[in-house]
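One letter stands for each residue in the lines below.
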Amino acid sequence: MKIAVYPGSFDPVTNGHLDIIERASRMFDRVIVAVAINSSKKGLFSRQERVELLEKVTARMANVHIDHFEGLLVEYCARQSAMAVIRGLRAVSDFDYEYAMYQMNREFDKGIDTVFLLASREYSYLSSTIIKEFARYGRSVAPYAPDAVNQALLSKFGHNALESN
Ligand code: PNS
């Protein structure tokens with residue numbers, strides 16, 4: 001059984017993440033999407049909210065499971081018997097950070113490799129940070145995030161989803 005872990009902040013999940021999840025689910029028998037709190041980022045959604053949104057938007061994918069973890073990613077992967085970490089790459093600007101993370105994770109556990117999936121063109125500029133910024137000012141982010149996420153974002157910022165544009 002080939003198991004992969006797709007870790008991230010997912011604050012909140014975007015269509016770009018969803019595209020990576022779908023593609024990874026065709027490559028592995030089981031994909032665990034694991035919410036981690038990135039200590040260098042200030043979060044908008046709680047861990048529970050992020051998990052619930054992910055559960056909603058991946059419900060149709062039978063081999064995708066949602067979880068969360070604390071501590072080191074490589075230790076979590078070992079507990080899950082995962083052979084690979086999935087990470088999405090958008091632009092060259094992602095590369096340095098991802099490369100460092102890959103090398104460090106390899107140092108700690110040679111048994112776990114990282115599979116990088118390049119973002120599909122339509123999502124290559126998308127990020128949770130950008131969609132949060134639009135939603136903060138009442139703009140619908142419907143083309144960039146699943147409906148449940150769009151609604152959750154607008155209501156988080158006190159906007160009515162029906163009135164937004
Ligand atoms: O979506 P993000 O914020 O880019 O995800 C980063 C994340 C959560 C994958 C990374 O911060 C992580 O793996 N955190 C767990 C702690 C860990 O193992 N850190 C060492 C990575 S070198």
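Everything here concerns the structure above.
What you are looking at is a predicted structure, and each value in this text was computed from that prediction instead of being measured. (Residues numbered from 1 in each chain as written. Predicted model: local features only at pLDDT ≥ 70, side-chain atom pairs only at ≥ 80, totals over all residues. Heavy atoms only, no water.)

On to the site of the ligand, then. Around the ligand, the surrounding shell holds 15 residues, and the nearest of these are Ser9, Asn38, Lys41, Leu73 and Arg87. In the environment of the ligand, an oxygen atom lies 2.5 Å from a nitrogen or oxygen atom belonging to the side chain of Ser9. In this structure, an oxygen atom belonging to the ligand sits 2.8 Å away from a main-chain N or O atom of Leu73. Starting from 550 Å² of accessible surface for the ligand in isolation, the protein chains cover 79%. (Near = heavy atom within 4 Å. Polar contact = N/O pair within 3.5 Å; in protein donor to acceptor, adjacent residues only side chain to side chain. Areas by Shrake-Rupley, 256 points an atom, 1.4 Å probe, with all protein chains shown as cover.)

On the surface, Val92, Phe95 and Tyr99 cluster together to form a nonpolar patch covering roughly 340 Å² of accessible area. Following the sequence through the fold, Phe95 ends up in helix α4 (residues 92-108). (Patch = residues over 30% accessible without salt bridge, like charges linked within 9 Å, V, L, I, M, F, W, Y side chains within 5 Å. Salt bridge = Lys/Arg side-chain N within 4 Å of Asp/Glu carboxyl O. Helix = DSSP H or I, 4+ residues; strand = E, 2+ residues; numbered from the N terminus.)

Here we come to the pattern of salt bridges. Tallied over the full model, the rule gives 10 salt bridges. The salt bridge involving Arg23 is made with Asp19; its shortest N-O contact spans 3.1 Å. With Arg23 and Asp19 both in helix α1 (residues 15-27) and four residues apart, this pair spans about one turn of that helix. The exposure class assigned to Arg23 is partly exposed, which follows from its relative accessible area of 22%. Across the salt bridge formed by Lys156 and Glu49, the nearest N and O atoms sit 3.0 Å from each other. (Buried < 20%, exposed > 50% of the residue type's maximum accessible area, 1.4 Å probe, protein only.)

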